[in-house]
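Topology and contacts: notes
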Amino acid sequence: VSLEGLQVNGGGNGINFASGSELRVKDCVVSNMELNGIQLTATGAAIFMNDVDVHDNGQSGILVSG
Amino acid sequence: MAILERVRVSVNSYGVYAASGASVDIRNSTATDNGNLVASSEHLERIGVTLSFGTVERILDQLADVFQAHALVAHRLAILLRASLAVSGELNRAASLLGTRRSVVFRHSRHEPADGASKSRSCQARLAAVQ
């Protein structure tokens, strides 16, 4: 999964990657979420984030548990 | 494995929350005004934070203050500093400031090219705060 140039503003979790082998996030802004900005729970996945701005989220900016 | 590069994390309850078993490598990123930069469990496998030398130079005093303020968890920190020989003086200063009152292991080695050429000398210092 590849996400590029997105602005995600408001909601529960901005990005929730629960399953999959690889996630790439580039040039994205994730803000004003009630929960986590980016939640990564997919087990064993390769995650790459470049030039990402995560701010003003209620819980974690970036949660990594996979 | 999550690699975060040039990521800006600000004004969250937790900047980066790495749960049990997670492996996170943070490079040239910033975290400001978060409740915590990294929250981890006792079983967290690894967190790596990589900063450019210029970044370390700019925020060295702030880093040293944070490490002093959290001396009780300093044994969980391992810091790898790399620089060319040309800035080894600054590197030593950084290692000194980042040290805590606990034991500090400091290794300073020089790697010579295998063919004996004088080019590409490098200096590597490893600083680890231990219990």
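Before reading further, recall that the structure is shown in the block above.
The rules behind these values
Residues numbered from 1 in each chain as written. Chains lettered and ligands numbered in written order. Predicted model: local features only at pLDDT ≥ 70, side-chain atom pairs only at ≥ 80, totals over all residues. Heavy atoms only, no water. Contact = heavy atoms within 4.5 Å. Buried area = accessible area lost by both parts, 1.4 Å probe. Salt bridge = Lys/Arg side-chain N within 4 Å of Asp/Glu carboxyl O. Helix = DSSP H or I, 4+ residues; strand = E, 2+ residues; numbered from the N terminus. Nonpolar A, V, L, I, M, F, W, Y, C, P; charged D, E, K, R; others polar. Pairing = 2+ DSSP bridges.

All right, on to the interface of chain A and chain B then. Contact with chain A, which involves 22 residues of that partner, is made by 23 residues of chain B. Taken together, the two surfaces of chain A and chain B that pack against each other cover about 1,700 Å², and 43% of this comes from carbon and sulfur. Looking only at chain A, the three residues that lose the most surface to chain B are Asp51, Ile62 and Val64 of chain A, adding up to 29% of its buried area. The interface formed by chain A and chain B contains two salt bridges. Two residues, Arg8 of chain B and Asp53 of chain A, come together in a salt bridge whose shortest N-O distance is 3.9 Å. Counting residues per element, the ones that place at least two in the side of chain A that touches chain B are strand 6 (46-55) and strand 7 (60-64) of chain A. Per-element accounting of the side of chain A that touches chain B gives the leading share, 10 residues, to strand 6 of chain A. The class makeup of the residues in the side of chain A that touches chain B is 10 nonpolar, nine polar and three charged. Alignment of strand 7 of chain A against strand 2 (residues 14-18) of chain B, held across four bridges, turns out to be parallel.

Fair warning: the whole summary comes from geometry, so function is off the table for now.
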